[in-house]
Amino acid sequence: QVQFVESGGGLVQAGGSLRLSCAASGSKFSGYAIGWYRQAPGKQRESVAVITSTGSTSYADSIRGRFTISRDNAKNTVYLQMNGLKPEDTAVYYCNIRGVAILAGGSWGQGTQVTVSS
């Protein structure tokens, strides 16, 4: 029942920063682990970062130390602070409930495009 709207993407040069937002509606997600995922052209969707209902975080090795995931349950929003962006970070970024994102047939929003130029 939760619907997600991603925003904050754009075009940035290598080394730059962006802050992505994931706003949920339809239901509060305070009790769920939420993840950011990305899909580059010609590649499968991959997990980038996850934050649990209690605030624990985990990151993909490729972005660890550069990205930070956080959440504001009062605003029903999850964020992804992206620093030190690299061209290989170029992708469409999505957010979703962790338990849903890993399964086939899940519902996804439109995502937000992140393009990093060299």
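Given the structure is predicted, the values throughout are model-derived calculations rather than measurements.

1. A few points about the sheet that holds strand β5 (residues 46-51)
Next, step 1: Ordered by their spatial adjacency, six strands build an open sheet running β2-β10-β9-β4-β5-β6, and the pairing between neighbours is mixed. The two strands at the open ends of the sheet, each matched to only one other strand, are β2 (10-13) and β6 (57-59). In this sheet, adjacent strand axes meet at a mean angle of 25 degrees when their direction is disregarded.
Next, step 2: As paired elements, β5 and β6 share three bridges and run antiparallel to each other.

2. Considering the packing of aromatic side chains
Next, step 1: This model, assessed by the stated rule, comprises three aromatic pairs.
Next, step 2: Between Y37 and W108 the ring centres are 5.5 Å apart and the planes differ by 85 degrees, which places this aromatic pair in the edge-to-face class. Of this pair, Y37 sits in strand β4 (residues 34-39) while W108 sits in the loop between α1 (98-101) and β10 (112-117), and the two are 71 residues apart along the sequence.
Next, step 3: Of the residues examined, Y37 reaches a relative accessible area of 7% and is grouped as buried.
Next, step 4: Ring geometry for Y94 against W108: centres 5.8 Å apart, planes inclined by 75 degrees, an arrangement best described as edge-to-face. Pair noted here: Y94 is in strand β9 (residues 91-97) and W108 is in the loop between α1 and β10, with a separation of 14 residues, a long-range link.

What counts and how
- Residues numbered from 1 in each chain as written.
- Predicted model: local features only at pLDDT ≥ 70, side-chain atom pairs only at ≥ 80, totals over all residues.
- Heavy atoms only, no water.
- Pairing = 2+ DSSP bridges.
- Helix = DSSP H or I, 4+ residues; strand = E, 2+ residues; numbered from the N terminus.
- Axes fitted to C-alpha atoms, helices over the stretch in contact; angles between N-to-C directions.
- Phe/Tyr/Trp six-rings, centres within 6.5 Å; stacked < 30°, edge-to-face > 60°.
- Buried < 20%, exposed > 50% of the residue type's maximum accessible area, 1.4 Å probe, protein only.

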